[in-house]
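Descriptive analysis of the structure
The chain contents come next:
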Amino acid sequence: MRQKGKKIGSVLLAVLALVLVMNFSVGESMAYFTTYATARGGYWLTLESSSKIRERMVEWDKHIQVENTGETSSFVRVKIFAGSAFGLLNTDNASGKWQMEDDGYWYYKDPVAPGTMTEELVISIKVPEEHAASFNVTVIQESTPVLYDENGVAYADWTMEADVTTNTQDIPVGEGGQGDE
Amino acid sequence: MNKKSKFRSQMTTGILLVAAVLLLMGSVAGGSQAALTYFSETYKARILIYDIGVTLVENEKDISWRDYTGADDKWDEHTGVLLEYMLETEEEREARAAARAKDEKVTEPELILGKAYKEELTVRNSGNIDQYVRVMVYRYWNDEEGNKLTDVSPSLIKLNFLTDNGWIIDEEASTQERTVLYYTKMLKVGETAPLFTDTISIDPSVAKKVTQITSVDGNVITTTYDYDGLEFVLEAEVDAVQTHNVKDAIKSAWGVDVKLEKDGTLSYK
């Protein structure tokens, strides 16, 4: 009886071993050859766009330049306002880079790179005698980041203009100076 | 008693003899095992043929790969960086570094919105068995701390996918952030698949998303953009699987049902 029990035990063990071995081989055949490769990369986006107006008054001429103080290239435009009493403003656009459009803005043709300035736009002001002591001419300056179409051609989208800043100058006649703060 | 003791010593001798024989046999077995090891090396040399390997290629440069080396679960692996030379070439970067070292003024390269930058991505079979491949491309935005932002649109990171060349997009498995592509043809040993992307650009409308305008401070215009200071991220994962028993292999590895056509191309259900 005891002998018989031992025999059954051995048979059971053998079966167990066989099952284990078979299981193992089943596991083996289930494995397929696979592999993978991954990579990642990115860039920080800098969208800040800011600009400054630099102005000098020389005699009756207002010399306007716009400097790009931001970190990305931008397009700029300016508009000049003056009281109707001052009459005509003659503008001198010696560089040919500024262009007056129908909306009354002077557009600068080229993108302005960070840290650089536009060419000058010179406005000659005719001030009547009675206002000669003090006068007020306002320059509005706007900038917008340079955009590129799919072919890499630069363009400006003024419908997404950054902001409007007015620069009100109240300079005693004859005194020149830097217009920016 | 004496008889018993004699019997015992005889038995001990017998046991020792058996043990000696066993030991001897063991050593012989050891010897034959050594011989087997020797043979198994040739056998190993033969299974070298089944090394699977895949490489992610960007602008004709190997970026990341994982190739089996034929033994001991050892892989030749490398994980590289995508978009490293998106804004400047390697030469331009070196020139800038040299200028910086000399304290010269250096203009940093700018990311231009809307411009289509070259981003030619594909896959090469760098193993020595044929394979089928799929690709998962992820696009998303990170904030300054490197946390993934889920509320900014990945669709503003525009990748131009090419799909009339054997690649197909699995629309069902794809989301705004993830695009899953399969290469339906078999990728033979050493073969490079056609490109699955050719350009990347950042939609210019990112510059339209402005929360805060003002900051009117004297003559200075300052504007706050929603996407300013964010990092856009591109991630790609390539998966390769054996061609043998491909239906089951793909089902097991990727969980996808495929149909193998007569010409060796796969159609995904």
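Only a predicted model underlies this, so the values are computations on that prediction, with no experimental measurement involved.

Before going further, it helps to spend a moment on the overall build of chain A. When its secondary structure is counted, chain A shows one helix and 12 strands. The linear arrangement of helices and strands in chain A, starting from the amino end, is α-β-β-β-β-β-β-β-β-β-β-β-β. Split into buried and exposed, the 181 residues of chain A put 29% on the buried side. Taking contacts inside chain A between residues at least 6 apart in sequence as the whole, the part at least 24 apart equals 70%.

Attention shifts here to the overall build of chain B. A tally of helices and strands in chain B yields three helices and 15 strands. Taking contacts inside chain B between residues at least 6 apart in sequence as the whole, the part at least 24 apart equals 63%.

Residue and element names in this part refer to chain A. Taken as a whole, chain A shows an average pLDDT of 69; of its residues, 57% reach a score of 70 or greater. Taken element by element, the predicted model of chain A shows its lowest mean pLDDT in strand 12 (residues 165–172) (39) and its highest in strand 1 (residues 34–44) (92). Across residues 24–29, where pLDDT falls below 50, the model places zero contacts with residues more than four positions away in sequence or in other chains. The low-confidence segment residues 161–181 (pLDDT under 50) makes 56 contacts with residues lying over four places distant or belonging to another chain.

This next bit is on the nonpolar core. If you look at the biggest cluster of nonpolar residues, it comprises 65 residues, and the most contacted ones within it are Leu56, Val123, Val133, Val135, Tyr183, Ala236 and Val238 of chain B. Ranked by residues supplied to this core, first place goes to strand 13 (residues 231–242) of chain B with seven residues.

Residues and elements named next belong to chain B. Spatial strand order, 3-2-1-4-10-7: six strands in an open sheet with antiparallel pairing. The sheet is open, and its two borders are formed by strand 3 (75–78) and strand 7 (157–161), each paired with just one other strand. Each strand of the sheet is rotated relative to its neighbour by a mean of 20°, with strand direction disregarded. Across three bridges, the pairing between strand 4 (residues 117–125) and strand 10 (residues 197–202) is antiparallel. Looking at the pairing, Leu121 lines up with Thr197 of strand 10.

What follows concerns the pairing of strand 9 (residues 178–183) of chain B. Residues and elements named next belong to chain B. With respect to burial, strand 9 is a largely interior element, five of its six residues being buried. Inspection of the sheet shows strand 8 (residues 167–169) paired to strand 9 by three bridges, in the antiparallel sense. Residue pairing for strand 9: Ile168 is matched across the bridge by Tyr182.

Before going further, it helps to spend a moment on helix 2 (residues 90–101) of chain B. Residues spaced three or four apart along an α-helix point in a common direction, a consequence of the helix completing one turn every 3.6 residues. Residue and element names in this part refer to chain B. The first and last C-alpha atoms of helix 2 sit 17 Å apart over 12 residues, in line with the 16 Å expected at 1.5 Å per residue. Judged by how many residues are buried, helix 2 sits mostly at the surface: zero of 12 residues are covered. Just beyond helix 2, the residue with positive phi is Asp103, at close to 60°.

What follows deals with unusual backbone geometry. Residues and elements named next belong to chain B. Not every positive phi belongs to a glycine, and Asn59 is a case in point at roughly 45°. Residue classification places Asn59 among the partly exposed residues on the basis of 18 C-beta atoms within 10 Å. One non-glycine residue, Glu60, lies in positive phi territory at about 65°. Tracing the backbone shows Glu60 in the loop between strand 1 (53–58) and strand 2 (61–68).

Residue and element names in this part refer to chain B. Across the 12 residues that make up strand 5 (residues 131–142), a large majority, nine, are buried. Bridge analysis of strand 5 against strand 13 gives 12 bridges, and the strand direction is antiparallel. The residue of strand 13 that forms the bridge with Val137 is Ala236. By the bridge criterion, two bridges tie strand 5 to strand 6 (residues 148–149) in an arrangement that is antiparallel. Paired with Asn142 across the two strands is Lys148, which belongs to strand 6. The hairpin formed by strand 5 and strand 6 contains five residues between the paired strands, and Gly146 there has a positive phi angle of roughly 85°.

Glancing now at the confidence of the model for chain B. Residues and elements named next belong to chain B. The predicted model of chain B averages 83 in pLDDT, with 81% of residues at 70 or higher. The low-confidence segment residues 29–40, where pLDDT is below 50, has zero contacts with residues more than four positions distant or belonging to other chains. Long-range and interchain partners of residues 44–48, a stretch whose pLDDT sits below 50, account for two contacts in this model, where long-range means more than four residues apart. Interface predicted TM-score (ipTM) for the complex: 0.72; the corresponding pTM is 0.62.

All names here are of chain B. Within the span of helix 3 (residues 246–254), buried status applies to Ala249, Ile250 and Ala253. Around the axis of helix 3, the buried residues are gathered within 95° of arc, so they sit on the same side. Of the residues one or two after helix 3, Gly255 is the one with positive phi, at around 70°.

Rules used throughout
Residues numbered from 1 in each chain as written. Chains lettered and ligands numbered in written order. Predicted model: local features only at pLDDT ≥ 70, side-chain atom pairs only at ≥ 80, totals over all residues. Helix = DSSP H or I, 4+ residues; strand = E, 2+ residues; numbered from the N terminus. Buried ≥ 20, exposed ≤ 12 C-beta atoms within 10 Å, placed from the backbone. Contact = placed C-beta atoms within 7 Å. pLDDT = per-residue confidence, 0-100. Core = buried A, V, L, I, M, F, W, Y, C linked by C-beta atoms within 7 Å. Pairing = 2+ DSSP bridges. Axes fitted to C-alpha atoms, helices over the stretch in contact; angles between N-to-C directions. Expected span 1.5 Å × (residues − 1). Arc of directions from axis to C-beta.

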